[in-house]
Amino acid sequence: MRALPATELLSVWESGHNRVPLQRALIMLAAACPEASADSLAQLTIGRRDAHLLALRERTFGSELTGVTDCPECGAKIELTFNASDIAPPLHAEPANGLAVRANGREVRFRLPNSADLLAAKSEEELFERCLLNGRDRLTENFRAEVGEKMLCADPLADIHLALNCPNCNHRWEAPFDIVAFLWREISAAAHRLLREVHTLASAYGWTESEILSLSSARRHAYLEMVNG
Ligand SMILES: [Zn+2]
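Calculation notes
Residues numbered from 1 in each chain as written. Predicted model: local features only at pLDDT ≥ 70, side-chain atom pairs only at ≥ 80, totals over all residues. Heavy atoms only, no water. Helix = DSSP H or I, 4+ residues; strand = E, 2+ residues; numbered from the N terminus. Rg over C-alpha atoms; globule rule 2.2 N^0.38 Å. Contact = heavy atoms within 4.5 Å. Areas by Shrake-Rupley, 256 points an atom, 1.4 Å probe, with all protein chains shown as cover. Lys, Arg positive; Asp, Glu negative; His and termini not counted. Charge placed at Lys NZ, Arg CZ, Asp CG, Glu CD. Salt bridge = Lys/Arg side-chain N within 4 Å of Asp/Glu carboxyl O. Buried < 20%, exposed > 50% of the residue type's maximum accessible area, 1.4 Å probe, protein only. Donors = N, O, S within 2.8 Å, 3.2 Å for Na, K, Ca; no water. Tetrahedral: all angles 85-135°; square planar, octahedral: opposite > 155°, others 65-115°. Core = buried A, V, L, I, M, F, W, Y, C linked by side-chain atoms within 4.5 Å. 1 Å grid on protein atoms, 1.4 Å probe; cavity = no way out; pocket = protein on both sides within 12 Å on 5 of 7 lines; lining within 4 Å. Points joined across faces, edges and corners; volume = space filled by probe spheres on them. Patch = residues over 30% accessible without salt bridge, like charges linked within 9 Å, V, L, I, M, F, W, Y side chains within 5 Å. Pairing = 2+ DSSP bridges.

What to know about the overall build of the chain
Right, so step 1: Check the secondary structure of the chain and you find ten helices and six strands.
Right, so step 2: By the compact-globule yardstick of 17 Å for 229 residues, the chain is too spread out, its C-alpha radius of gyration being 22 Å.
Right, so step 3: Referenced to the eigenvectors of the C-alpha coordinate spread, the extents of the chain come out at roughly 75 × 50 × 30 Å.
Right, so step 4: Summarising the internal contacts of the chain: among those between residues at least 6 apart in sequence, 57% fall at separations of at least 24.
Right, so step 5: For the chain, the accessible area works out to roughly 13100 Å², and carbon and sulfur atoms hold 49% of it.
Right, so step 6: Each charge class in the chain was averaged separately, 24 positive and 31 negative side chains, and the resulting centres sit 3 Å apart.

Spelled out as structure tokens, the structure:
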């Protein structure tokens, strides 16, 4: 896992800007793990995918994350600052033969959903079917609900929540944190910043885009200061 250089950050933005979030997640993941095949990345559980994206975020933009949200009680705007380590629980290895639910002497085995499952499944029902490893014939309605619930809870990182506290009215609540949307917004903003810098330097010096992007960020900013006086 490594930080994204300027040229790759722009390619990620270019490939992902007209895609759905699930595909954007895979594009960012591929840039973060260039040694892994597309297939193996699509087969990471959502929790593992998000752990890699969080690590990529940390390396590219730092470990401090900030955001703004509204208090659901009094409507006050709240600025949040938290650390990547606050929301990254330790990853435990998933058992190779899947997870199991037992009830009334029956056992059903299933695996955790991954990006390929989420892209392929048209409904929750279909997602559930894809992840079942055995015991389709043993599923009663109640048992099915229990397996579904366990499937959702078994991946600790797949559903990250932040504990929030409003300084205005003291209301406490939990808000979901979506690393895919968060990181995509940052990559998109950084890509637009870079394109503006390329535009300014190309206009001033006649350099090509690749020449400008190959400069270190320190040099690029030194030239930008001179151009902007
Ligand atoms: Zn409040």
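Concerning the pattern of salt bridges
Right, so step 1: Throughout the structure, instances matching the rule amount to seven salt bridges.
Right, so step 2: Note that Asp117 is salt-bridged to Arg111, the shortest N-O span being 2.8 Å.
Right, so step 3: Asp117 is the salt-bridge partner of Arg130, the closest N and O atoms lying 2.9 Å from each other. Note that Arg130 is positioned in helix α6 (residues 124–131) and Asp117 in helix α5 (residues 115–120), a separation of 13 residues in sequence.
Right, so step 4: Each of the salt bridges in this network shares a partner with another, and the network as a whole consists of Arg111, Asp117 and Arg130.

Description of unusual backbone geometry
Right, so step 1: Unlike most non-glycine residues, Asn170 shows phi in positive territory, near 70°.
Right, so step 2: Structurally, the position occupied by Asn170 is in the loop between β5 (160–165) and β6 (172–177).
Right, so step 3: When its relative accessible area of 55% is taken as the criterion, Asn170 is described as exposed.

Considerations on the coordination of the zinc ion
Right, so step 1: Around the zinc ion, the protein contributes the donor atoms Cys71 (SG), Cys74 (SG), Cys166 (SG) and Cys169 (SG), which lie 2.3 to 2.4 Å from the metal centre.
Right, so step 2: Coordination at the zinc ion is tetrahedral: its four donor atoms span angles of 108 to 111° at the metal.
Right, so step 3: For the zinc ion, all donor residues lie on one chain, and their spacing in sequence is C-x2-C-x91-C-x2-C. Separated by 95 residues along the polypeptide, Cys74 in the loop between β1 (64–70) and β2 (77–83) and Cys169 in the loop between β5 and β6 bring together distant segments of the chain.
Right, so step 4: A relative accessible area of 34% places Cys74 in the partly exposed class.

A few points about the nonpolar core
Right, so step 1: Ranked by internal contacts, the top residues of the largest apolar core, which has 49 residues, are Val12, Met28, Leu53, Phe177 and Ile187.
Right, so step 2: When neighbours within four sequence positions are excluded, Phe177 is seen to be in contact with Leu65, Phe82, Ile87, Ile160, Leu162 and Phe182.
Right, so step 3: In this structure, Phe128, Cys131, Leu132 and Val147 belong to the second largest nonpolar core, which totals twelve residues.

Comments concerning the layout of surface pockets
Right, so step 1: Volume-wise, the second largest pocket comes out at about 270 Å³.
Right, so step 2: Mapped onto the lining of the second largest pocket, the elements with two or more residues apiece are β1, β2, β5, β6 and α8 (179–205).

Thoughts on a nonpolar patch on the surface
Right, so step 1: Among the surface-exposed residues, Tyr205, Met226 and Val227 lie close enough to one another that they form a single nonpolar patch of about 260 Å² accessible area.
Right, so step 2: Tracing the backbone through its elements, the reader meets Val227 in helix α10 (residues 217–227).
Right, so step 3: Val227 gets classed as partly exposed once you look at its relative accessible area, which sits at 32%.

Details of the pairing of β6
On any regular strand, side chains alternate: one points to one face of the sheet, the next to the other face.
Right, so step 1: The alternating pattern of β6 places Trp173, Ala175 and Phe177 on a buried face, while none of Arg172, Glu174 and Pro176, on the opposite face, is buried.
Right, so step 2: Of the strand pairs in this sheet, β5 and β6 are connected by six bridges, and their pairing is antiparallel. Paired with Ala163 across the two strands is Glu174, which belongs to β6.

Points about the environment of Asn168
Right, so step 1: Position of Asn168 relative to the elements: it lies in the loop between β5 and β6.
Right, so step 2: Since its relative accessible area comes to 58%, Asn168 is described here as exposed.
Right, so step 3: Taking C-alpha positions, Asn168 is 9.2 Å from Lys77, a pair spaced 91 residues apart along the chain.
Right, so step 4: Non-local contacts of Asn168, meaning those with residues more than four positions away in its chain, are made with Cys74 and Ala76.

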